[in-house]
Amino acid sequence: MGVPISVTVNGQHRESEVDSRTLLVQFIREELRLTGTHVGCDTSSCGACTIIMDGKAVKSCTVLAASANGSDITTIEGLAQNGELHPLQEGFKEEHGLQCGFCTPGMIMTAVQLLEDNPQPSEAEIRHGLEGNYCRCTGYHNIVKAIYHASRKYKEVSHG
Amino acid sequence: MASIIGKSVKRVEDKRFLTGKGNFTDDIVLPGMTYASIVRSHHAHAKINSVDISQATAVDGVVAVFTGTDIANAEIGGVPCGWQVDFKNGDTMKEPPHPLLVADKVRFVGDAVAVVIAETAAAAQDGAELVSVDYEMLEAVVQGPDALAADAPLVHDDVPHNTCYDWELGDKTATDEAIENAEHVTKLEFVNQRLIPNAIEPRAAIGHYEEASEKYTLYTTSQNPHLIRLLLSAFVLGLPEHKVRVISPDVGGGFGSKIPHYIEEALMVWCSGQIKRPVKWTAERNESFMTDTHGRDHVTKAEMGFDADGKIEGLRVKTVANLGAYLSTFSTCVPTYLHGTLLQGLYTTPAIHIDLTAVFTNTTPVDALRGAGRPEATYLLERLLDNAAREMNVDPAELRFKNFIPPFDGVDQPGYQTQVALQYDSGNYQPVLEKALDMVDYQEFRTRQAEAREEGRLLGIGFSTYIEACGIAPSAVVGSLGARAGLYESAQVRVQPTGKVSVYVGSHSHGQGHETTFAQVVADKLGIAMEDVEIVHGDSESVAFGMGTYGSRSLAVGGSAIMKSIDKVLEKGAKIAAHKLEVAETDLEFANGQWTVKGSDQSIGFGDVALTAYVPHDYPEGLEPGMDFSSFYDPANFTYPFGAHIAVVEVDPETGKVKLERFVACDDVGNVINPMIVDGQLHGGIAHGIGQALYEGAIYDESGQLVSASFMDYTMPRADDLPMFELDRTVTPCPHNPLGVKGAGEAGTIAATPAVVNAVIDALSPFGVSDITMPLTPERVWKAMQTQTKEAAI
Ligand code: FES
Ligand code: FES
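Residues numbered from 1 in each chain as written. Chains lettered and ligands numbered in written order. Predicted model: local features only at pLDDT ≥ 70, side-chain atom pairs only at ≥ 80, totals over all residues. Heavy atoms only, no water.

A. Looking closely at the overall build of chain A. On a plain count of helices and strands, chain A comes out with five helices and five strands. Along the chain direction, N to C, the helices and strands of chain A fall in the order β-β-α-β-β-β-α-α-α-α. Computed over the C-alpha atoms, the radius of gyration of chain A is 16 Å, within 12% of the 15 Å expected from 2.2 N^0.38 for a compact globule of 160 residues. Expressed along its principal axes, the backbone C-alpha trace of chain A runs to roughly 50 × 35 × 25 Å. As displayed, chain A offers around 6,400 Å² of accessible surface, 48% of which is attributable to carbon and sulfur atoms. On chain A, the mean spot of the 13 positive side-chain charges and the mean spot of the 19 negative ones are 7 Å from each other. (Helix = DSSP H or I, 4+ residues; strand = E, 2+ residues; numbered from the N terminus. Rg over C-alpha atoms; globule rule 2.2 N^0.38 Å. Areas by Shrake-Rupley, 256 points an atom, 1.4 Å probe, with all protein chains shown as cover. Lys, Arg positive; Asp, Glu negative; His and termini not counted. Charge placed at Lys NZ, Arg CZ, Asp CG, Glu CD.)

Have a look at this one:
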């Protein structure tokens, strides 16, 4: 029995019917085929599935697709605008903030909110903000630098 | 043109990952695809009386259900082990089969009993839950040493004493004598605990049989697709190799856990052949915990003897290595040839002996995990050295300086022959420790530490000077030691008519950045732009052959194969250039993508030469058209990176919590192509090593239940557990490969663990604590302080 849902994903309106047990991450990956959002665990621990939903970073493995009805969602695929990488995407590239790239979308989406809440975070604040995300490749060192890098860019953008 | 070798060129592969366009196995959907869910044992050891699939097959959407009996009836062998280690008496190791699905009894929690295939993943899961298995419980054995007890239950009925093999290396008589006569002997008994690898991408496999072409394709999260193809076709399913294609697309981290050939890979291929549709399996994290091969799990007694002057006289080691329930692909060589052979460390120890027994238990199979054997060897050596320094009241850095092997470059001075079979290629050990001491400002730290102690604060510093054997491996050498495969690498450099270059490499990149580093090498050597080079890997259909990525081998072995092909390109190019310029080849020099007639401004570019090779109108007589060269490179020796890592910690005297204040590392990985990538490899490795020291450990209860089977129960380092890492390096080139590189993928993991533990023990030295079992959780550290305080008081 399908539950009808209507959501906006990366600016596009989507309507569908989902199984009541379908997770939002399954809907995003399997139905919308936006496979940049990853699944790394079954306990809401790794953050690989993080997306922005109604302005908040959420772990899309902990949300039922049905309950996302009416929401506005941004996934990693929707972050770059007109072919321009988002400052965080840029920061991750510049500072080598990714290796295998599996945790990366979740890290970046988490960082989007982190910088939204605190545009000029300290190292400790960045590290704290990442505590819901696992990375096994980078030791977080360059992820911290990448987010710091992006925060300086934000500053340039907002303060000229 | 300035060389781009040694430059921190930004990664070519980043864009797809940053924009969500990576292509991981689970991202792939094929037409008509079905989904598999595997029924796994909840018991560590139990006889299977019967398996009832009737309810499962009745579930809406279930396409097929297969059990161990189906696999046995189809006469499918198990997944094989790739390395034979013999018993001391010459008998062959015990090699019980590891079937794709078990029919007789389950041997660990997670053992695969049946597979349910359905139209959707949800239906497959529903079906799997309804497969009913009647088990008869058996007593389980979990810890390595317990498996050797006379009354221990047998994991495999035909393997007496649960012993896969016993093994020794080194001169026993000389070592016993050295320890006997030593002025001081430092002893340590410890557990190098079992770790769970946890690449963030869970394993996945898709089998795809196409009836019309009779071809099988396997998409898999593997570090070595060609090896999987070989094992799959020649050993497991008996399929014609040319009809099997294995693709490892983007892979989300491996760390050793994606080396082995897993039952799920063969199972998906076989199932697809049965139902004639693609079948996909993706591990849930809980399955990853239970079935990704685990790492380490050694129980060791070690003794190091010193003379009055602090020189090491001998090292004696006795280890029980727990291999888990079945042999994984490289499990047998990890505790032996990747561990025993590294016990020389950086030191001149004249007598070394290791005695090792490898056992089966009712636990997840163990195989290589980042460092694989070398972390265990380094942990043992470095813990002994720091403890010895404390016992003998010598500075731990001084003790190391006293025992370092003197410098040798492997060119003018020969390599260093160890007591444990290996010959080091080149090394200069003193400078890495000197640099690291400078970086950490050692003297200042000791002053600060003394002052802090006055205030009741517990600061500690820990050292680890390590060596590893990388660039795995010279085939003839490993063959003589029991490897059932060669460990060369292949690379094909295909110059296109327009001068663009495609390079097909057998190395597989799952985070290491090969698409960048290899392209840097090719672009530099051919004098062309990096954008004109494409690195292709991970598909057995496009890449001729390869042995994959592990053992920090990709650049040292795979990069060398690329260099060989480049040499062939340049050799042919010179012939064409000489013809076009109407001079002798010897009159030409090649630089910056141009062949130039020496002493003139007459030249021809790489692109023109390439075009000529494909449009051979005006062309050297007898020369074949085209420009496409394949090479295999078999290394002459392992490579031996080394370094010095120093951890600074503060222990909370109230709670036992360890705060890692600083982590300083000076490594020597030979020449460096891309410093940014090398540093990134070190960062990740260090974090992993710190994880073992402070946080990680697989926990089984007595019945063999894996208690730590989720991220809620198994702790890994998170961002706020770690400091920024402070790195530097020295460069001692590898003398035997064309790039002079040694490998950097595992260094951090190997070195970091003992540095951190040594630092904590140093912090607790006022309490007389000499060892704490890893991981050093607040509880364990706190308890150690209490016990020792009490004992000191008595
Ligand atoms: S998949 Fe959502 S937190 Fe791990
Ligand atoms: S880059 Fe591989 S898990 Fe983070």
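Now that the structure has been shown, the text picks up again.
B. How the structure looks around the interface of chain B and chain A. In this assembly, 54 residues from chain B lie in contact with 47 residues from chain A. Of the charged contacts, one joins R29 of chain A and D26 of chain B as a salt bridge, the two residues approaching to 2.9 Å between their closest N and O atoms. Applying the counting rule to chain B against chain A returns 25 residue pairs in polar contact (both at pLDDT 80 or more). At the level of secondary structure, the elements contributing two or more residues to the side of chain B that touches chain A comprise α1 (14-18), α4 (121-129), α9 (285-291) and α18 (675-695) of chain B. (Contact = heavy atoms within 4.5 Å. Salt bridge = Lys/Arg side-chain N within 4 Å of Asp/Glu carboxyl O. Polar contact = N/O pair within 3.5 Å; in protein donor to acceptor, adjacent residues only side chain to side chain.)

C. Structural view of the environment of G559 of chain B. Residues and elements named next belong to chain B. As for its position among the elements, G559 is in helix α16 (residues 554-581). Sequence spacing of G559 and N198 is 361 residues, and the spatial spacing of their C-alpha atoms is 28 Å. If near-sequence neighbours (up to four positions away) are discounted, G559 is found in contact with F518, S554 and L739.

D. View of the sheet that holds strand β14 (residues 312-322) of chain B. All names here are of chain B. A sheet is described by the order of its strands in space; here five strands give the open sequence β7-β15-β14-β13-β8, paired in mixed fashion. The sheet is open, and its two borders are formed by β7 (163-170) and β8 (184-195), each paired with just one other strand. Taking each pair of neighbouring strands and ignoring which way they run, the sheet shows an average axis angle of 10°. Sheet topology places β8 next to strand β13 (residues 295-306); eleven bridges connect them, and they run antiparallel. (Pairing = 2+ DSSP bridges. Axes fitted to C-alpha atoms, helices over the stretch in contact; angles between N-to-C directions.)

E. Structural context of the nonpolar core. The biggest cluster of nonpolar side chains holds 179 residues, and the ones touching the most others in it are L88 and F92 of chain A together with Y165, V651, F663 and I690 of chain B. Ignoring any residue separated from it by four or fewer positions in sequence, one finds F663 of chain B in contact with H645, I646, A647, I686, I690, P723, M724, F725, E726, A752, A755 and V756 of chain B. With 45 residues, the next largest nonpolar core counts V493, A523, V557 and L581 of chain B among its residues. (Core = buried A, V, L, I, M, F, W, Y, C linked by side-chain atoms within 4.5 Å. Buried < 20%, exposed > 50% of the residue type's maximum accessible area, 1.4 Å probe, protein only.)

F. Representation of the environment of K311 of chain B in the model. Residues and elements named next belong to chain B. As for its placement among the helices and strands, K311 is situated in the loop between β13 and β14. Among the residues examined, K311 registers a relative accessible area of 30% and is labelled partly exposed. Sequence separation between K311 and V658 is 347 residues, and the spatial gap between their C-alpha atoms is 32 Å. Beyond its immediate stretch of four places on either side in the chain, K311 contacts G305, F306, T348, K402 and N403.

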